[in-house]
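# Structural description and commentary
The chain contents come next:
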Amino acid sequence: TPIPDGDLIELTIHALQRKRDDHPELADRKNQALIIDEVNFLSVEQVAAARQLVDEHGVSIYTHGIPTDFTGKPFIGELAARTYADKEKIIKLTADCYGVKDDGACDNNAEFNARLVNGSYVFEGNEVAINEEGEEKDESQTITTYRSLCQKCCVLAQLESQQ
């Protein structure tokens, strides 16, 4: 469920307070952290709120997200996270490229998020398309999946989609 822009700070401060209440031995510790996975789906305002948690409340924040959507355009949340980050503290985590055929034959780092619909690469459509979890699928339904690819494999997937 998406978090409304203004609530990130409030939710984090309340969560940290609950942790301190539940674990009084941690109350004096200044080192508190928030881990944000899929930072690419945050808004610029939410990333700015995360930065405010760092600056005003001393919360360390660790983020992870792939830089581009399936069309090759930058995800605004991930771009904002890199913009607001302390540059000397950036640690680049990498994802492995799955290869165009998902055969693990590629040794490069993934930078692109490729979308497959019913097993074929697509490069047009809404930025987010997800099948509902637990949904029963029959042969007539569309199955959307994603694969992390490097630049080279992404170009090969684009060429494959045009054939």
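These notes cover the structure that comes with them. Each chain has its residues counted from 1, following the order in which its sequence is written. Thresholds applied to this predicted model are a pLDDT of at least 70 for local features of residues and 80 or more for the giving and counting of side-chain atom pairs; totals over whole chains, interfaces and linings are not thresholded and use all residues. Think of the side-chain values as coming from all heavy atoms in the structure, minus any hydrogens and water.

### Notes on the pattern of salt bridges
When charged atoms on two side chains of opposite charge get close, those side chains can pair. For this document, the term salt bridge refers to a Lys or Arg side-chain nitrogen within 4 Å of an Asp or Glu carboxyl oxygen. Applying the stated criterion across every chain yields a total of three salt bridges. When the shortest N-O distance is used, the salt bridge between Arg51 and Asp55 registers 3.0 Å. With Arg51 and Asp55 both in helix α2 (residues 44–57) and four residues apart, this pair spans about one turn of that helix. Taking the shortest distance from any N to any O, the salt bridge between Arg82 and Glu78 comes out at 2.7 Å. Highlighted residues: Arg82 and Glu78, both in helix α3 (residues 76–84), separated by four residues, approximately one helical turn. We call a residue buried when its accessible area falls under 20% of the maximum for its residue type, exposed when it is over 50%, and partly exposed in between, using a 1.4 Å probe and counting protein chains only. Residue class for Arg82 comes out partly exposed when judged on its relative accessible area of 40%. According to the relative accessible area criterion, Glu78 is buried, its value standing at 11%. A single network of salt bridges, built from pairs that share partners, joins Arg51, Asp55 and Asp86. Secondary structure elements follow DSSP: runs of H or I no shorter than four residues count as helices, runs of E no shorter than two count as strands, and numbering proceeds from the N terminus.

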